[in-house]
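# Summary of the model geometry
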Amino acid sequence: MAASKATGPDADPGDAELSVSAQKRSAAGVPALIASMRQVHGQLGAKKAVRTLLHLNQPDGFDCPGCAWPDPHHTSPFEFCENGVKAIAEEATDRRIDVSFFARHSIGELVTMSDYWLGQQGRLTEPMIRRAGDDHYRPISWDDAFTAIGTELRSLSSPNRAVFYTSGRTSNEAAFVYQLLARALGTNNLPDCSNMCHESSGIALGNAIGIGKGTVSLDDVHAAELILVIGQNPGTNHPRMLTALEEAKRRGASIVSINPLHEAGLIGFRNPQRPRGVVGRGTPLADLHLPIRVGADLALFQIINRRLVDDPSGAIDDAFVAASCDGVDELTEHLCSLDVDDLLAATGLDAAVVDELYARIRRADRIVACWAMGLTQHKQAVATIQELANTLLLRGAIGKPGAGLCPVRGHSNVQGDRTMGIYEKPTEEFLDALDREFALVSPRAHGFDTVDAIAAMATGDVDVFVGMGGNFVAAAPDTDVTAAAMERCRLTVQVSTKLNRSHARCGETAIILPCLGRTEIDAGRGIAAGTERRVTVEDSMSAVHATRGRNQPASPMLRSEVDIVCGIAAHAAPDAGIDWAGFADYRTIRAHIASVVPGFEDFERRIDVPGGFVLPNPPRDSRTFVTTTGTARLTVNRFEAIEVPAGRLLLQTIRSHDQYNTTIYGLDDRYRGIHQGRRVLLIAQADLDDHGLRDGDVVDLVGEWHDDVERRAPRFRLVTYDVPRGTCAAYFPETNVLVPLDSVADGSATPTSKSIVIRLERSRG
Ligand SMILES: Nc1nc2c(c(=O)[nH]1)N[C@H]1C(S)=C(S)[C@@H](COP(=O)(O)OP(=O)(O)OC[C@H]3O[C@@H](n4cnc5c(=O)[nH]c(N)nc54)[C@H](O)[C@@H]3O)O[C@H]1N2
Ligand SMILES: Nc1nc2c(c(=O)[nH]1)N[C@H]1C(S)=C(S)[C@@H](COP(=O)(O)OP(=O)(O)OC[C@H]3O[C@@H](n4cnc5c(=O)[nH]c(N)nc54)[C@H](O)[C@@H]3O)O[C@H]1N2
Ligand SMILES: [Mo]
């Protein structure tokens with residue numbers, strides 16, 4: 001097996017047995033139950049499994065660390081889905097990595113292992129350090145680790161030579177103290193996974209409606225007449241959303257899926273929590289499917305909006321537009337200047353399905369538009385989401401029951417982390433409030449986002465990288481560049497639950513700080529024995545609620561994320577005038593949050609209520625738009641088709657059913673019919689024919705970008721699949737070697753991981 005230094009081996013243990021079966025026509029049902037139980041069985045004992053699952057998403061239990069889809073008001077005792085169970089099993093596993101593991105495996109050896117293998121080794125149990133020049137991690141005490149990190153941070157020639165990354169599982173409390181530490185040190189270098197995820201949504205919605213969040217509640221989804229599911233695969237990534245779609249459907253909603261792939265969860269759903277879902281054929285979900293070309297959604301919504309403005313029967317909500325929007329004349333003029341035939345050709349869609357979509361949008365008053373990475377990870381992502389916002393604004397489908405914009409977030413607290421100030425471009429208001437609360441002078445200059453951070457690390461402008469969760473090396477684009485950038489740092493620190501590539505491709509000195517997961521009891525140290533601490537999270541629909549772990553910690557040495565941040569802070573910023581030790585009582589942190597962050601007044605009391613509370617959202621609450629003009633803004637966006645030279649393909653990188661971002665649960669992608677392997681390229685038969693290739697052939701994927709750097713992902717097996725001609729799909733993180741660091745979305749700098757121009761070369765050997 002040829003091992004690539006940056007990405008691990010070019011094959012997973014199972015790739016030799018890779019097999020392909022028919023694509024599934026529906027999601028969940030009995031196979032999902034069996035799959036989740038199998039996963040639990042392989043990782044933890046039966047008693048613990050039952051106890052763990054009974055606390056999942058219950059008012060007094062813990063929030064699912066899977067996705068950010070909200071909990072329904074009336075929870076059933078089994079409020080979970082197959083992939084939530086996998087996320088739990090991954091964290092509650094009985095497997096452990098101890099000191100002897102690191103004695104047996106050198107870092108040089110870990111580098112050659114696959115992401116799957118690394119994750120399967122179990123939970124990290126004690127702090128470890130790799131000292132400069134050593135090829136092994138060795139144990140270190142917590143105090144020595146904090147001292148080493150504090151010393152390094154205090155000796156920086158500028159605080160901007162440190163980067164503080166956050167993944168989206170971190171609780172509100174930990175996120176708040178983490179950003180406070182960065183700002184007390186004097187930097188806004190707070191990149192996060194959002195930069196690679198929904199940043200485009202935040203920017204587009206901020207421009208259009210004055211708030212970078214969605215405007216719907218779960219009730220709105222249930223009450224909608226029309227639900228658009230765009231660039232999203234809920235059957236795999238937000239399975240509990242299928243229950244909401246089923247409910248909407250039961251009440252008469254129609255559902256339209258806009259996606260280059262026919263994802264199983266949208267074709268049909270067999271709700272495993274209802275008898276007919278288990279035994280019957282389930283509910284067909286999508287009434288209409290538009291197999292759009294990758295990267296062409298802007299063109300599609302421009303066609304729709306053009307038809308809205310042209311419609312002689314008055315398709316626009318004139319009263320709403322006149323009262324609450326600006327820019328209607330400029331938008332109308334721009335839309336009327338467009339060549340609709342060109343736009344249609346770019347989408348690759350039949351005119352008839354576009355007519356049908358238009359008819360549904362024209363008929364429905366209550367429209368909800370949901371989307372995820374299929375819209376956000378393109379060069380024109382911001383413009384595309386703004387154009388979608390135009391559609392809903394023109395129809396007046398916002399700020400009323402059953403209607404609105406619904407970016408479906410990924411990580412379970414990614415939205416909350418932003419609310420807490422994890423942002424490299426904080427607002428003045430936020431910093432002013434922080435400064436008042438803590439008598440600080442926060443830095444005003446914007447910091448690095450993810451891509452800027454990598455570029456700065458690569459040129460030697462960063463000495464210290466701290467990762468609050470996540471797997472920066474594997475999740476970020478251009479893996480070879482990112483890994484080398486990481487290795488240029490003097491010190492890298494990873495606060496983690498599980499081993500991953502970022503521990504193997506690390507700085508000169510590297511420290512692993514193992515933390516409690518959300519399922520675990522957080523008893524704290526130095527606080528009254530038996531006082532279990534709770535933390536809070538915010539879901540995709542702005543509801544904030546408490547979560548409390550119930551399992552025994554994976555090791556007695558683990559510390560909570562809050563305690564770890566405060567341990568570092570006590571050594572890095574002892575003179576900031578902040579009582580870091582006092583934060584061991586999380587109520588103190590919440591009291592500060594209540595004074596700094598709008599909407600958190602009376603925080604402590606409001607999380608005693610099961611289900612918590614919902615943050616203010618002006619468009620949803622009162623059709624108010626807090627933009628510079630005080631109105632919602634209809635924006636003019638210009639579509640540029642992605643140029644794909646002859647003989648090349650447009651690659652999008654997606655998740656399989658058996659992974660959570662860079663965490664690989666298993667080697668199957670059941671709904672798409674892929675078994676025991678991940679290095680596959682889904683490609684249209686017509687493209688295979690054009691290339692003189694056949695299903696089953698093994699090829700290298702070679703990136704084509706203007707910088708002439710060779711980016712190659714070797715040994716992918718071709719699988720004939722129903723994808724639009726000229727486009728193809730493969731899983732990440734294996735394909736992140738192909739995403740150029742400087743190929744980013746206009747306006748949000750999100751890596752364009754859903755549109756990469758590649759060519760295929762037959763693999764040698
Ligand atoms: N089990 C599980 N759950 C997860 C995750 C996980 O990895 N595993 N990840 C979490 C995270 S962080 C996130 S952000 C979400 C991600 O949730 P998704 O966005 O659903 O994840 P992807 O697999 O990236 O799927 C993108 C979808 O967009 C489609 N698509 C690609 N390009 C285009 C396009 O140009 N136009 C349109 N209309 N569609 C397009 C793809 O075919 C695919 O169906 O899920 C979260 N939940
Ligand atoms: N090509 C391509 N690249 C992508 C994407 C894509 O669609 N295509 N999607 C992007 C998206 S949407 C996202 S959000 C990013 C994800 O980027 P990240 O959030 O950085 O990556 P994850 O794989 O979710 O991180 C997994 C690691 O988090 C740690 N972890 C798990 N739970 C906890 C916890 O409770 N606390 C702490 N401290 N650590 C924990 C574990 O050690 C685990 O190994 O990837 C992005 N990268
Ligand atoms: Mo994400």
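Described in the following lines is the structure provided in the data block. Only a predicted model underlies this, so the values are computations on that prediction, with no experimental measurement involved.

In this structure, the largest pocket encloses a volume near 1200 Å³. Lining the largest pocket are 36 residues, and of these G210, I211, G212, K213 and T427 lie nearest its centre. For the lining of the largest pocket, the secondary-structure elements that each account for two or more residues are helix 9 (199–209), helix 22 (414–419), helix 23 (428–438) and helix 31 (618–622). A class-by-class count of the residues in the lining of the largest pocket yields 16 nonpolar, 14 polar and 6 charged. Here the lining of the largest pocket spans two domains, and each of domain 1 (96–193 + 413–620) and domain 2 (199–411) adds at least three residues to it.

Of all 5 residues that make up strand 16 (residues 367–371), 5 are buried, and the element is covered over most of its length. Pairing analysis gives 5 bridges linking strand 10 (residues 226–230) to strand 16, with the strands arranged parallel. Across the sheet, V229 pairs through a bridge with C370, a residue of strand 16. Direction of pairing for strand 16 relative to strand 17 (residues 404–407): parallel, over a ladder of 4 bridges. Counterpart to C370 in the pairing with strand 17 is C406.

Taking strand neighbours across the sheet as the criterion, the 6 strands line up as 8-7-20-19-18-9 in an open arrangement whose pairing is mixed. Sheet topology places strand 8 (138–139) and strand 9 (162–166) at the edges, where each strand pairs with a single neighbour. Docked against the sheet, helix 8 (residues 172–185) engages strand 9 and strand 18 (464–468), running at close to 165° with respect to strand 9. The strands touched by helix 28 (residues 561–572) within the sheet are strand 18, strand 19 (491–496) and strand 20 (509–514), with strand 20 carrying the most contacts at an inclination of about 140°.

So, about the site of ligand 1. Near ligand 1 there are 32 residues, and of these N259, E263, G295, D297 and Q659 occur at the shortest range. Here an oxygen atom of ligand 1 sits 3.1 Å away from a polar atom, N or O, in the side chain of Q652. One of the side-chain nitrogen or oxygen atoms of R655 is found 2.8 Å away from an oxygen atom of ligand 1. Burial of ligand 1 by the surrounding chains reaches 99%, relative to a free accessible area of 920 Å². Elements that contribute at least two residues to the shell around ligand 1 include exactly helix 11 (234–237), helix 20 (373–376), strand 25 (649–654) and strand 26 (659–660). Among the residues making up the shell around ligand 1, the classes are represented as 12 nonpolar, 16 polar and 4 charged.

Counted under the stated rule, the structure contains 53 salt bridges. The residue D608 makes a salt bridge to R534 at a minimum N-O spacing of 2.8 Å. Residue D608 is located in the loop between helix 30 (603–606) and strand 23 (613–614), and its partner R534 is located in the loop between strand 20 and strand 21 (535–538); the two are separated by 74 residues in the primary sequence. Looking at R534, the relative accessible area reads 14%, which means it is buried. When the shortest N-O distance is used, the salt bridge between R759 and E704 registers 2.7 Å. Linking R759 in strand 33 (residues 756–762) with E704 in the loop between strand 30 (698–703) and strand 31 (712–720), this pair joins segments that are 55 residues apart in sequence. Given a relative accessible area of 23%, R759 falls into the partly exposed group. Salt bridges sharing common partners tie together R648, D700, E704, E710, R712, R759 and E761.

Cut-off values and rules
- Residues numbered from 1 in each chain as written.
- Chains lettered and ligands numbered in written order.
- Predicted model: local features only at pLDDT ≥ 70, side-chain atom pairs only at ≥ 80, totals over all residues.
- Heavy atoms only, no water.
- 1 Å grid on protein atoms, 1.4 Å probe; cavity = no way out; pocket = protein on both sides within 12 Å on 5 of 7 lines; lining within 4 Å.
- Points joined across faces, edges and corners; volume = space filled by probe spheres on them.
- Helix = DSSP H or I, 4+ residues; strand = E, 2+ residues; numbered from the N terminus.
- Nonpolar A, V, L, I, M, F, W, Y, C, P; charged D, E, K, R; others polar.
- Domains from an automatic or database assignment.
- Buried < 20%, exposed > 50% of the residue type's maximum accessible area, 1.4 Å probe, protein only.
- Pairing = 2+ DSSP bridges.
- Contact = heavy atoms within 4.5 Å.
- Axes fitted to C-alpha atoms, helices over the stretch in contact; angles between N-to-C directions.
- Near = heavy atom within 4 Å.
- Polar contact = N/O pair within 3.5 Å; in protein donor to acceptor, adjacent residues only side chain to side chain.
- Areas by Shrake-Rupley, 256 points an atom, 1.4 Å probe, with all protein chains shown as cover.
- Salt bridge = Lys/Arg side-chain N within 4 Å of Asp/Glu carboxyl O.

Note that every value here comes from positions in space, so none of it alone points to a role or purpose.
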